[in-house]
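Overview (structure and organization)
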Amino acid sequence: MKIIGQAQDTLILEASKSEIARLIGYYYPGDGCPALVPGMAISVNSMYEQLYELARNKQKLNNTAEDLETLASKLRLLNPVVEAALIGGDDESL
């Protein structure tokens with residue numbers, strides 16, 4: 001992507017279709033990407049805000065992932081007990 005001009009408070013950019021496709025969340029232009037045509041508006045601000053919030057909450061997200069992994073481990077330990085109860089039909093073993 002290259003800045004090729006300026007108009008008051010805006011910049012005029014030159015970018016390949018692949019760069020624009022990736023900017024709006026697609027791997028390449030033919031990957032379900034909408035048609036890239038002159039005049040198309042691309043909301044970079046909202047994309048930036050999403051990335052900023054993810055980065056800002058990275059530690060919270062990591063902590064939540066660790067909590068879920070711990071819970072999954074505990075549930076795996078309980079799984080044989082639950083399966084045995086379901087197969088045996090013995091409600092009192094729970």
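Let us look at the structure shown here. (Residues numbered from 1 in each chain as written. Predicted model: local features only at pLDDT ≥ 70, side-chain atom pairs only at ≥ 80, totals over all residues. Heavy atoms only, no water.)

Counting its secondary structure elements, the chain contains 3 helices and 2 strands. For the chain, the N- to C-terminal ordering of α and β elements is β-β-α-α-α. In terms of C-alpha radius of gyration, the chain reaches 25 Å, well past the compact-globule figure of 12 Å for 94 residues. Considering only C-alpha atoms, the chain reaches an extent of 75 × 30 × 15 Å along its principal axes. Taken over 94 residues, the chain has a buried fraction of 6%. (Helix = DSSP H or I, 4+ residues; strand = E, 2+ residues; numbered from the N terminus. Rg over C-alpha atoms; globule rule 2.2 N^0.38 Å. Buried < 20%, exposed > 50% of the residue type's maximum accessible area, 1.4 Å probe, protein only.)

This part takes up the packing of aromatic side chains. Following the criterion strictly, the structure yields 2 aromatic pairs and no others. The interplanar angle of 85 degrees and the centroid separation of 6.1 Å between the aromatic rings of Y27 and Y28 together place this pair among those described as edge-to-face. The exposure class of Y28 is partly exposed, given its relative accessible area of 43%. Here the aromatic rings of Y48 and Y52 are separated by 6.0 Å at their centres, their planes lie at 25 degrees, and the arrangement is stacked. With Y48 and Y52 both in helix α2 (residues 44-56) and 4 residues apart, this pair spans about one turn of that helix. For Y48, a relative accessible area of 52% gives the class exposed. Owing to a relative accessible area of 43%, Y52 belongs among the partly exposed residues under this scheme. (Phe/Tyr/Trp six-rings, centres within 6.5 Å; stacked < 30°, edge-to-face > 60°.)

Attention shifts here to the pattern of salt bridges. One pass over the structure, following the stated rule, counts 1 salt bridge. In this structure, R56 and E53 form a salt bridge, with 2.9 Å as the shortest nitrogen-oxygen distance. In this pair, R56 and E53 are both assigned in helix α2, 3 residues apart and thus about one turn of the helix distant. With relative accessibility at 52%, the residue R56 sits in the exposed group. (Salt bridge = Lys/Arg side-chain N within 4 Å of Asp/Glu carboxyl O.)

Below, the discussion takes up the layout of surface pockets. The volume enclosed by the largest pocket comes to roughly 260 Å³. Contributing to the lining of the largest pocket are 14 residues, with A15, I20, V37, M40 and I42 lying nearest its centre. Broken down by element, the lining of the largest pocket gets its largest block of residues, 3 residues, from helix α1 (residues 17-23). Residue composition of the lining of the largest pocket, grouped by class: 11 nonpolar, 2 polar and 1 charged. (1 Å grid on protein atoms, 1.4 Å probe; cavity = no way out; pocket = protein on both sides within 12 Å on 5 of 7 lines; lining within 4 Å. Points joined across faces, edges and corners; volume = space filled by probe spheres on them. Nonpolar A, V, L, I, M, F, W, Y, C, P; charged D, E, K, R; others polar.)

For the rest of this paragraph, the subject is the pairing of strand β1 (residues 2-7). Of the strand pairs in this sheet, β1 and strand β2 (residues 10-14) are connected by 5 bridges, and their pairing is antiparallel. Across the sheet, residue Q6 finds its bridge partner in β2, namely L11. Count of turn residues in the β1/β2 antiparallel hairpin: 2 residues, of which Q8 carries a positive phi of about 50 degrees. (Pairing = 2+ DSSP bridges.)

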